[in-house]
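Fold and geometry: a report
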Amino acid sequence: MLDNLSIPEGIEKEPELPVPSIEEQKRIVAELKRLEEAGELTPEILEAFMTGKETSEQNDQ
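Residues numbered from 1 in each chain as written. Predicted model: local features only at pLDDT ≥ 70, side-chain atom pairs only at ≥ 80, totals over all residues. Heavy atoms only, no water.

Our next topic: the overall build of the chain. Counting its secondary structure elements, the chain contains 3 helices and 0 strands. Order of helices (α) and strands (β) in the chain, N terminus to C terminus: α-α-α. Expressed as a percentage of its 61 residues, the buried residues of the chain come to 15%. (Helix = DSSP H or I, 4+ residues; strand = E, 2+ residues; numbered from the N terminus. Buried < 20%, exposed > 50% of the residue type's maximum accessible area, 1.4 Å probe, protein only.)

Structure follows, in structure tokens:
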């Protein structure tokens, strides 16, 4: 079914992010919920969490 898909030349593959532990996932969800309830959750913050540029541990510091 996906035989006709191809990756264009010159496309760089992004490195795979390690899957956070269950505890870290829970901290991330809690932080995102807190930000959402405070009205502070922006697309940029959400993108940072989803791309691994931001973690709940970074916010604790």
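Let us keep going from here.
Let us now look at the pattern of salt bridges. A side chain with one charge can pair with a side chain of the opposite charge if their charged atoms come near. Enumeration according to the criterion identifies 2 salt bridges in this entry. Close ionic contact of E24 with R27 constitutes a salt bridge, the shortest N to O distance being 2.8 Å. Taken together, the residues span about one helical turn, with E24 and R27 both in helix 1 (residues 22–37) at a distance of 3 residues. Given the relative accessible area of 34%, R27 is considered partly exposed. (Salt bridge = Lys/Arg side-chain N within 4 Å of Asp/Glu carboxyl O.)

The terminal C-alpha atoms of helix 1, which comprises 16 residues, lie 22 Å apart, in line with the 22 Å expected from a rise of 1.5 Å per residue. Burial in helix 1 covers these residues: E24, I28, E31, L32 and L35. Along the long axis of helix 1, the arc covered by the buried residues comes to 100°, so they all point the same way. Along helix 1, exposed side chains directed more than 90 degrees from the buried face belong to K26, K33, E36 and E37. Just downstream of helix 1, G39 is the residue with a positive phi angle, here 75°. (Expected span 1.5 Å × (residues − 1). Arc of directions from axis to C-beta.)

As a further point, take the confidence of the model for the chain. Taken as a whole, the chain shows an average pLDDT of 83; of its residues, 87% reach a score of 70 or greater. Mean pLDDT across the secondary structure elements of the chain bottoms out at helix 3 (residues 56–60), with 56, and peaks at helix 1, with 95. (pLDDT = per-residue confidence, 0-100.)

The angle between the axes and the distance between the axes are what describe a pair of packed helices. One can describe the packing of helix 1 onto helix 2 (residues 43–50) by two numbers: an axis separation of 12 Å at closest approach and a directional angle of 180°. Our classification of the angle between helix 1 and helix 2 gives roughly antiparallel. The segment helix 1 lies against helix 2, with I28, E31, L32 and L35 engaging I45, L46, F49 and M50. Within the contact of helix 1 with helix 2, the residues separate by chemical class into 7 nonpolar, no polar and 1 charged. (Axes fitted to C-alpha atoms, helices over the stretch in contact; angles between N-to-C directions. Parallel < 35°, antiparallel > 145°, perpendicular 65-115°, else oblique. Contact = heavy atoms within 4.5 Å. Nonpolar A, V, L, I, M, F, W, Y, C, P; charged D, E, K, R; others polar.)

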